[in-house]
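This is what each chain is made of:
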Amino acid sequence: MFGNGLAQLFWGISALVRTLVYIVLSLVMTVSLFISTSGNRFIDHPIWIGIILVCIAVGGLSKSKATISENDVFMEYCKNTVWFNRVFMFFGKELYMNPEKAKDVRIYSQNTVAEKMLDKLITHERDNQSDITKMALYPAIAQIIIGLANAICYLFVAIKALFGAFGVGSIVQYVAVLSRLGEGLQELMYILSDNEVYCTHLQNLFEYLDLPNHMYQGSLTVEKRDDNEYYVEFRDVSFKYPNTDTYVLKHVNLKFKVGEKLAVVGMNGSGKTTFIKLMCRLYDPTEGEILLNGVNIKRYDYNEYMSIFSVVFQDFRLFSFPLGQNVSASASYDREKVIECLKKAGFAERLNSLPNDLDTFLYKDIDAEGVEISGGEAQKLALARALYKNTPFIILDEPTAALDPISEYEVYSKFNEIAGTKTSIYISHRLASCRFCDKIAVFHEGEIIQIGIHEELLADRRGKYYELWNAQAQYYTT
C-alpha cells in the first residue's frame, strides 16, 4: 500500500497546507487588479471578478475530473490484466530481482526464458492500448481547458493595462499572481481528488483491519512464579480449521510442567505444528480446553500469556539489520547476553569471523558490506533469538532441519545447557533428538498414539515410534 496508500495520504497533508497558503496569498495580491480602474465601465465592471474566478475554478475542476477519470480507467484496466501483473511479477521481480534465484538464473540461462516472456507481454500491451490511450486523453483535455482559462485571465490583464488601469510593469506581477492562483486551485483540486483515490485504494485494507476478532480476550494476569512451577495441560482437545469437516487434532490429552523436555514426533500432517499453535493461542480449540496451572488459557491476558513463550517456527525470518538486533529483536540489547546466546546456539565460530562483530549487517540490502548466511546459520540465529527472550517455555519447530549432521550433534550434545530449567518442546522428524528428552509424544493422524521415553517406545516393536526410528536408523551406522 506504499505507492497509493496511507503514506501518500499523510504526505498529501503538507502539500494541502502549502497550497492553501499559496491561494490565500495570491488572492490578497489580486485585490489591486480589480480595484484599479481604467475609466472604461465595461472593463471595470465587477462581473469580471466572477469571470476570472470561474475560469480559474474550471481549470481546477478539470484537473480533478481528469485525475478521478484516469484512476477509474486504471482500476478497470487492473481488473482485466491480473494475469499480466502476475506473470510480470514472477518473471520480472521473482526471477530477476530475487538474490536466492540468481545462481539458478545464471547456470540455466533462465534470463532468456524471462526475456522472451516479457517481450510477449510488451507486445500484447502494445496491441491493446485503448485503455492506456483513455488514461492519457483525460489529462490532455484538462490541459486544454486550463490553457483556455489562463488565456482569458491573461487577456483581461492585458486589456486593463491597455486602457491605463496600471502600468506595463504591473502586467508581469498580475499575470504571475493569477498563474499562481490558478495553479494553486488546480493543485488543491488535484490533491483532494488524489486523496479520494488513495482512500479508494485503502478501502480494502481498512475492511480487512476492521474484521472482528472472535477470539476471547481474557484479563487475568499470568502468575509470575519464582519456582517456575508452570503446568500446561491439554484436556480432550480437538481442532479443525474453519469451513472444513476434517479434524487436524482429535481428543488430545497431555500434561507437562516447566523443566521437562518434550519431543513431539510424527509423520507430515500428523498435527504436530497445530498442537504448538494451539498452545500459543494462535488458534483456539474447536473442542476441549488448554489449561495453564489449572486455568483455561483463554482467561489470561493475551499479550501477557504470549510473553512466557519463545517460539521458533519453520518459517522464521531474519532481517537486513545488524546481527545483534536480529538476535535481540530490538534496536538496543545486552551485548554480552547476545554473545552468550549465540555461543549456546553454536554460532561462536562464525561470530569470530565477522568483520564488525555484532554490528555486522546480515545480507546486503542495507549495507554493501553485509554478510550472506547459510540456511543452517540462519537456523542457529533463530535459536539464539529464542534463548535471548529468556522465557519459561522454549518451543522449537524443526530446530536442526537445515543443519549438517555435525552441527546438529553439537546442538543436541548441549541440549541441557541450552534449555536450562525451561520447558523445551521439540517438533522434529529426526528421532535422534528424542533421546535427549524426558518425554516423547508420538502423533499420528491428529492423535497422540504413544507417550513415553525413548527406550520404552523403542521397546514396543509394534508401535509407530519403532517404525519411524528404524526407517531412519537403516541409513546410519552406529
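Residues numbered from 1 in each chain as written. Predicted model: local features only at pLDDT ≥ 70, side-chain atom pairs only at ≥ 80, totals over all residues. Heavy atoms only, no water.

## Side note on helix α17 (residues 464-473)
One turn of an α-helix holds 3.6 residues; hence residues three or four places apart share an orientation.
Next, step 1: Buried within α17 are the following residues: Lys464, Tyr465, Leu468 and Trp469. One side of α17 carries all its buried residues, which in axial view fall inside an arc of 130 degrees. (Buried < 20%, exposed > 50% of the residue type's maximum accessible area, 1.4 Å probe, protein only. Helix = DSSP H or I, 4+ residues; strand = E, 2+ residues; numbered from the N terminus. Arc of directions from axis to C-beta.)

## Re the packing of aromatic side chains
Next, step 1: A complete count under the given rule lists eleven aromatic pairs for this structure.
Next, step 2: Relative to tyrosine 241, the ring of phenylalanine 239 lies with its centre 4.9 Å away and its plane at 80 degrees, an arrangement referred to as edge-to-face.
Next, step 3: With a relative accessible area of 5%, phenylalanine 239 lands in the buried category.
Next, step 4: Centre to centre, the rings of phenylalanine 309 and phenylalanine 393 are 5.0 Å apart; their planes meet at 35 degrees, and the pair counts as tilted. Placement of the pair is phenylalanine 309 in strand β6 (residues 309-312) and phenylalanine 393 in strand β7 (residues 393-397), with a sequence separation of 84 residues. For the pair phenylalanine 309 and phenylalanine 393, a shared accessibility class is recorded, and that class is buried.
Next, step 5: Through a chain of ring-to-ring contacts, the aromatic side chains of Tyr300, Tyr305, Phe309 and Phe393 assemble into a single cluster.
Next, step 6: Sitting above the plane of the phenylalanine 313 ring, lysine 277 keeps its charged end 5.8 Å from the centroid. (Phe/Tyr/Trp six-rings, centres within 6.5 Å; stacked < 30°, edge-to-face > 60°. Lys NZ or Arg CZ within 6 Å of the ring centre and 35° of its normal.)

## Focus on the layout of surface pockets
Next, step 1: There is about 450 Å³ of room inside the second largest pocket.
Next, step 2: In this structure, the second largest pocket is lined by 13 residues; those nearest its centre are Glu100, Leu318, Tyr363, Glu372 and Ile373.
Next, step 3: Its residues assigned to classes, the lining of the second largest pocket comprises six nonpolar, three polar and four charged. (1 Å grid on protein atoms, 1.4 Å probe; cavity = no way out; pocket = protein on both sides within 12 Å on 5 of 7 lines; lining within 4 Å. Points joined across faces, edges and corners; volume = space filled by probe spheres on them. Nonpolar A, V, L, I, M, F, W, Y, C, P; charged D, E, K, R; others polar.)

## Description of the side chain of aspartate 284
Next, step 1: Here aspartate 284 shows up in the loop between α8 (272-279) and β4 (287-292).
Next, step 2: One polar contact links aspartate 284 to arginine 281, side chain to side chain, over a distance of 3.0 Å. (Polar contact = N/O pair within 3.5 Å; in protein donor to acceptor, adjacent residues only side chain to side chain.)

## Things to note about the sheet that holds strand β10 (residues 447-452)
Next, step 1: Overall, mixed pairing links the six strands, which are arranged β6-β7-β8-β3-β9-β10 in an open sheet. Each end of this open sheet is capped by a strand with a single partner; those strands are β6 and β10. Strand-to-strand, the axes of this sheet are offset by a mean angle of 15 degrees, without reference to chain direction.
Next, step 2: Its contacts with the sheet place α8 against β3 (261-266), β6, β7, β8 (423-428) and β9 (439-444), and it is angled at close to 150 degrees to β8. (Pairing = 2+ DSSP bridges. Axes fitted to C-alpha atoms, helices over the stretch in contact; angles between N-to-C directions. Contact = heavy atoms within 4.5 Å.)

## Remarks on the pairing of β9
Next, step 1: Among the six residues in β9, five count as buried, and that is most of the element.
Next, step 2: As defined by bridge partners, β3 adjoins β9 across five bridges and the pair is classed as parallel. Within β9, the residue paired with glycine 266 across the bridge is phenylalanine 443.
Next, step 3: Here five bridges tie β9 to β10, and the two strands are oriented antiparallel to one another. Following the sheet pairing, phenylalanine 443 is matched in β10 by isoleucine 448.
Next, step 4: Between β9 and β10, which pair antiparallel and follow one another directly, the connecting turn spans two residues, one of which, glutamate 445, has a positive phi of 50 degrees.

## Brief notes about the pattern of salt bridges
Next, step 1: Under the defined criterion, the tally for this structure stands at ten salt bridges.
Next, step 2: Residue glutamate 187 is joined to arginine 18 by a salt bridge in which the shortest nitrogen-to-oxygen separation is 3.5 Å. Of the two residues, glutamate 187 is situated in helix α7 (residues 169-209) and arginine 18 in helix α1 (residues 6-35); the sequence distance between them amounts to 169 residues.
Next, step 3: For glutamate 187, the salt bridge is made with arginine 180, and the minimal N-O distance between the two is 3.7 Å.
Next, step 4: On the basis of relative accessibility, which here comes to 24%, the residue glutamate 187 falls in the partly exposed class.
Next, step 5: Linked through salt bridges whose partners overlap, the residues forming this network are Arg18, Arg180 and Glu187. (Salt bridge = Lys/Arg side-chain N within 4 Å of Asp/Glu carboxyl O.)

## Let's talk about empty space enclosed by the protein
Next, step 1: A full pass over the atoms with the stated rule returns one cavity of 30 Å³ or more.
Next, step 2: Empty space within the largest cavity amounts to approximately 40 Å³.
Next, step 3: If you go around the largest cavity, the residues you meet are Arg281, Asp284, Pro285, Gly288, Glu289, Ile290, Asn296, Ile297 and Lys298.
Next, step 4: Counting residues per element, the lining of the largest cavity draws most heavily on β4, which supplies three residues.
Next, step 5: Of the residues assigned to the lining of the largest cavity, the class counts are three nonpolar, two polar and four charged.

## Concerning the sheet that holds β4
Next, step 1: Spatial ordering of the open sheet is given by β2-β1-β4-β5, a layout of four strands whose pairing is antiparallel. The open sheet has two free edges, formed respectively by β2 (249-257) and β5 (295-296), since each of these has just one partner strand.
Next, step 2: Pairing of β4 with β5, which is carried by two bridges, proceeds in the antiparallel orientation. Within the sheet, the bridge partner assigned to leucine 291 lies in β5 and is asparagine 296.

## Topic: the confidence of the model for the chain
Next, step 1: Confidence in the prediction for the chain averages 81 pLDDT; 89% of positions are at 70 or higher.
Next, step 2: Confidence, expressed as mean pLDDT per element, reaches its minimum in the chain at helix α15 (residues 415-419) with 68 and its maximum at helix α10 (residues 323-328) with 94. (pLDDT = per-residue confidence, 0-100.)

## So, the packing of helix α11 (residues 335-344) against helix α13 (residues 375-389)
When two helices pack together, you describe them by how their axes are tilted relative to each other and by the distance separating the axes.
Next, step 1: Orientation of α11 relative to α13, taken along the N-to-C sense of each, is 130 degrees, at an axis distance of 8 Å. In terms of orientation, α11 lies oblique with respect to α13. Crossing of α11 over α13 shows right-handed handedness. Residue-level inspection shows Lys337, Val338, Cys341, Leu342 and Lys344 of α11 in contact with α13, the latter providing Leu381, Ala384, Leu387 and Tyr388.
Next, step 2: The residue makeup of the contact of α11 with α13, split by class, is seven nonpolar, no polar and two charged. (Parallel < 35°, antiparallel > 145°, perpendicular 65-115°, else oblique. Left-handed = near helix turned anticlockwise from the far one by under 90°.)

## Focus on the pairing of β7
Next, step 1: Among the five residues of β7, five are classified as buried, and the element is accordingly described as predominantly covered.
Next, step 2: Along β7, one buried face is formed by Phe393, Ile395 and Asp397 and the opposite face, lined by Ile394 and Leu396, is buried too.
Next, step 3: As paired elements, β7 and β8 share five bridges and run parallel to each other. Across the sheet, residue isoleucine 394 finds its bridge partner in β8, namely serine 424.

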